[in-house]
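# Tertiary structure, described
This is what each chain is made of:
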Amino acid sequence: MSWAKQMNNIQFIKTKIFFSFLLVVLLASCGSDDEPVYEDSSAIYKIVLEASGQDYTANAHIVNSDNIPFQDISSGNSEKTSVDEYFTGKKTYVTSDKVQYISVQGVILSDMNASLTMSVYRDGEQVYHETVTVPDADNTTKALYYTNINK
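To start, this report covers the structure provided alongside it.

Spatial strand order, 4-2-6-9: 4 strands in an open sheet with antiparallel pairing. Of all strands in the sheet, those bounded by a partner on one side alone are strand 4 (83-87) and strand 9 (141-147). Direction aside, the axes of adjacent strands within the sheet are offset by 10° on average. Taken together, the 7 bridges between strand 6 (residues 102-110) and strand 9 define a ladder with antiparallel strand orientation. The residue bridging serine 103 from the neighbouring strand is threonine 147, located in strand 9.

What follows is the structure in structure tokens.
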């Protein structure tokens, strides 16, 4: 066998050993003894809507993916699995258990000066706080939105 062929065979064997070693390392790192990582994004939510002004109409619309009832803290009403109601003054809703996804909308309508403030708390920490006022130019209706669905 010629010297060049021997060098090619040695190089081939070294390459084969290297890739065999690489395969063993790769398979060892894929062991099933690792604990799977699950992230629980469920939380207790508190929603506070406050409308003020003259001659306004305010509406709250709240839903969650888990169909968990909301407690109406401000009026003491029984629990509802979703909220869609008109209100005056201040309304506070709390999920009765943890939910994963929630969507909240507050709307205010008025031809005179009025405002709507919406705050959302996740496990006691404020994650949203906004205020809108109407009328604004020719716009007599404004809405506030919060959702964690695409986060």
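A word on the side chain of threonine 117. Note on placement: threonine 117 falls in strand 7 (residues 114-122). Filtering out sequence-adjacent residues up to four positions away, threonine 117 remains in contact with Val48, Leu49, Glu50, His129, Glu130, Thr131 and Leu144.

A word on the packing of aromatic side chains. Counted according to the given criterion, the structure contains 1 aromatic pair. Lysine 46 extends its terminal NZ or CZ atom over the ring of tyrosine 121, reaching a point 5.5 Å from the ring centre.

Scoring rules and cut-offs
- Residues numbered from 1 in each chain as written.
- Predicted model: local features only at pLDDT ≥ 70, side-chain atom pairs only at ≥ 80, totals over all residues.
- Heavy atoms only, no water.
- Pairing = 2+ DSSP bridges.
- Helix = DSSP H or I, 4+ residues; strand = E, 2+ residues; numbered from the N terminus.
- Axes fitted to C-alpha atoms, helices over the stretch in contact; angles between N-to-C directions.
- Contact = heavy atoms within 4.5 Å.
- Phe/Tyr/Trp six-rings, centres within 6.5 Å; stacked < 30°, edge-to-face > 60°.
- Lys NZ or Arg CZ within 6 Å of the ring centre and 35° of its normal.

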